[in-house]
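One letter stands for each residue in the lines below.
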Amino acid sequence: MQHSFLASESDPESDSDTGPLLGSASSTASTVPIRRITVSGDDPAVARQNYERAYDGSRFTVTRGTDPFSFQWVSIGDDRVSLRTATMTGHVTGETPGLTDYVVSWVQTGGGWIVRRDGQRMEIPRSPFVLPFRRPYTVHLTPHRQNSVLFSAPYLEDIATEIHAGPSQQVSFDLEATPTPEAIERWRVALNASTPVLTDETAPPLLRMNAQRPLALALLQLAPWAVVDLPEPLREPSMARTRLAVEYLHHHAAEPITPADAAKAAGLHTRTLQLHCRRELGMSPTAYLRDIRLDRTRRELADSSPQETTVGEVAKRWGFVHLGRFASAYRNRFGEGPSQTLRA
């Protein structure tokens, strides 16, 4: 994706003043709730401090490359959506405890990779991909030009309710999935259409909001996701592996998996996952996976009609062999029988 939505320092129309470090407040006129921040220079120490604050991370290092060292970071946005472009001729390595915004990122030049807490290494591609949300990881960047779009958690989670029709909850993206060409094209079209408005500091608030919404919807089509209602203790950095295992159950519920598979994927002992689920979720991982599958069954029944399918066909697709037991568990969870949902 060769779209550069923020001007480089050499652009005569860009904001060439060196502003505060990214993450600090730098508001424009009070009638426009938008912030533009530009940080640039040739000092690796300043670059390191900027990256560390931007990622809310630690143990960041910046080293020179073969070219004379320089960097620039430009950010513009409001409390819902921000666009950022980072350019550096050096190398960056650092740790983040977990992003608190939903972030789509890609590189135009250079490259790098991230390593999740479970040891999974993910290359940073030229096409847009979703960064881990509220999960610790280490980032490594070679000399690069990187673009990112940040969505505040409350904003994106509210937009997601238009699709899943439930209460606002954390959105868990399947980071193993590769965006399809069609999804990438939808993202590209939405980004190109919204950028002129989102980079215009004089754009009226309503116009800005109407430019942000299609971009948020394009993100929600970029990778498979599920809403996960997690208690606060499971949102803590110390519970990252358990949270990863729980999210694994959501993303792979349609597959022949067991809680042991989820524990292995997250680098946990199965017994540890069992203890944490009973303590924080009030049930075993097996029961939690069953409830996920019941929820998916109900969603499919609600979206179908008796002319298209039967309760038995849908139940079997979600792994329920004994239809009598399935119907009883369904009624206990939803207060109605599966046939009632299908006929509604």
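As the structure is a prediction and not an experimental result, all values here were calculated from the model. (Residues numbered from 1 in each chain as written. Predicted model: local features only at pLDDT ≥ 70, side-chain atom pairs only at ≥ 80, totals over all residues. Heavy atoms only, no water.)

## Concerning the sheet that holds strand 6 (residues 101-109)
As a reminder, the rule being used: Between any two strands, pairing holds if DSSP finds at least two bridges. What counts as a helix is a DSSP run of H or I of at least four residues, what counts as a strand is a run of E of at least two, and both are numbered from the N terminus. Residue contacts are defined here by distance: any two heavy atoms, one from each residue, within 4.5 Å place the two residues in contact. Here an axis means a line fitted to C-alpha atoms, over the contact stretch when the element is a helix, while the angle between two N-to-C directions is reported on a 0 to 180 degree scale.
Strand order in this open sheet of six strands is 1-3-4-11-6-9, and the pairing throughout is antiparallel. Sheet topology places strand 1 (35-41) and strand 9 (129-130) at the edges, where each strand pairs with a single neighbour. Sheet analysis places strand 6 next to strand 9, joined by two bridges and oriented antiparallel. Following the sheet pairing, valine 104 is matched in strand 9 by valine 130. Each of strand 1, strand 3 (71-77), strand 4 (81-88) and strand 11 (144-152) touches helix 1 (residues 44-54); the most contacted strand, strand 3, lies at about 30 degrees to it. Here helix 4 (residues 205-219) sits on the sheet in contact with strand 4, strand 6, strand 9 and strand 11, set at roughly 105 degrees to strand 11.

## Quick word on the packing of aromatic side chains
Applicable threshold: Two rings from Phe, Tyr or Trp (for Trp, the six-membered ring) form a pair when their centres are within 6.5 Å of each other. A pair whose planes differ by under 30 degrees is stacked, one over 60 is edge-to-face, and the rest are tilted. A 1.4 Å probe rolled over the protein chains alone gives each residue an accessible area, and that area as a share of the maximum for its type sets the label: buried under 20%, exposed over 50%, partly exposed in between.
In total, this model carries 10 aromatic pairs according to the counting rule given. A ring pair is formed by tyrosine 55 and phenylalanine 60, whose centres lie 5.6 Å apart and whose planes are at 35 degrees; its orientation type is tilted. Residues tyrosine 102 and phenylalanine 173 carry aromatic rings whose centres are separated by 6.2 Å and whose planes lie at 70 degrees to one another, so their mutual orientation is edge-to-face. In this pair, tyrosine 102 sits in strand 6 while phenylalanine 173 sits in strand 12 (residues 170-173), placing the two residues 71 residues apart along the sequence. In this structure tyrosine 102 comes out as buried when scored by relative accessible area, which is 1%. Take phenylalanine 173: its relative accessible area is 4%, and that puts it in the buried class. Among the aromatic residues, those joined into a ring-pair cluster are Phe320, Phe326, Tyr330 and Phe334.

## Remarks on the UniProt feature "domain: HTH araC/xylS-type" (unreviewed entry) in the protein chain
Stated formally: UniProt positions are given in the numbering used here, feature names are shortened, and annotations may be inferred rather than shown by experiment.
Annotation from UniProt places "domain: HTH araC/xylS-type" (unreviewed entry) at residues 243-344. Between the end C-alpha atoms of residues 243-344 there is a gap of 35 Å, over a span that is 70% helix and 0% strand.

## Things to note about the pattern of salt bridges
Note the threshold: The term salt bridge refers to a pairing of a side-chain nitrogen on Lys or Arg with a carboxyl oxygen on Asp or Glu at a separation within 4 Å.
Summed over the entire model, instances satisfying the criterion amount to 15 salt bridges. Note that arginine 333 is salt-bridged to aspartate 291, the shortest N-O span being 3.3 Å. Taken together, the residues span a long stretch of sequence, with arginine 333 in helix 11 (residues 323-334) and aspartate 291 in helix 9 (residues 285-302) at a distance of 42 residues. Residue aspartate 291 is classed as buried on the basis of its relative accessible area of 9%. Here arginine 333 makes a salt bridge to aspartate 295, at a shortest N to O gap of 2.8 Å. Of this pair, arginine 333 sits in helix 11 while aspartate 295 sits in helix 9, placing them 38 residues apart in sequence. By relative accessible area, arginine 333 is classed as partly exposed at 38%. Taken together, the salt bridges that share partners define one network made up of Arg290, Asp291, Asp295 and Arg333.

## Re the side chain of arginine 293
Put simply, the rule is: Note on charges: Lys and Arg go in the positive column, Asp and Glu in the negative column, and His and the chain ends are not counted at all. The term polar contact refers here to a pair of N or O atoms within 3.5 Å; inside protein, the definition further demands a hydrogen-donor-capable atom paired with an acceptor-capable atom, and it admits residues adjacent in sequence only when both atoms are side-chain atoms.
Here arginine 293 is to be found in helix 9. It turns out arginine 293 is buried and unbridged, and the closest side chain with the opposite charge, aspartate 261, is 7.8 Å from it. At 3.0 Å, the side chain of arginine 293 forms a polar contact with the backbone oxygen of glutamate 255. Not counting residues within four places of it along the chain, the set of residues in contact with arginine 293 comprises Ala253, Glu255, Ile257, Trp318 and Phe320.

## As for the pairing of strand 5 (residues 91-96)
Only one face of strand 5 is buried: it carries Val92, Gly94 and Thr96, and the other face, with His91, Thr93 and Glu95, is open. Bridge count for strand 5 against strand 10 (residues 137-141) is five bridges, and the pairing is antiparallel. The residue of strand 10 that forms the bridge with glutamate 95 is threonine 138.

## Some points on the environment of aspartate 43
As for its placement among the helices and strands, aspartate 43 is situated in the loop between strand 1 and helix 1. C-alpha of aspartate 43 to C-alpha of valine 171: the two residues are 128 residues apart in sequence and 38 Å apart in space. Sequence-distant contacts of aspartate 43, that is, excluding residues within four places in its chain, are made with Phe69 and Phe71. At 2.9 Å, the side chain of aspartate 43 forms a polar contact with the backbone nitrogen of alanine 45.

## Some remarks on the domain arrangement of the protein chain
For clarity, the threshold we go by: The domain boundaries here were taken from an automatic or database domain assignment. Note on definitions: buried area is the accessible-area loss of two parts on being combined, 1.4 Å probe, summed for both.
In terms of domains, the protein chain is made up of domain 1 (35-151), domain 2 (155-225) and domain 3 (240-342). Here domain 1 and domain 2 have C-alpha centroids that lie 20 Å from each other. Contacts between the two partners involve 22 residues from domain 1 and, on the opposite side, 25 residues from domain 2. Interface area lost by domain 1 to domain 2 is led by Arg80, Tyr102 and Phe151, which between them contribute 31%.

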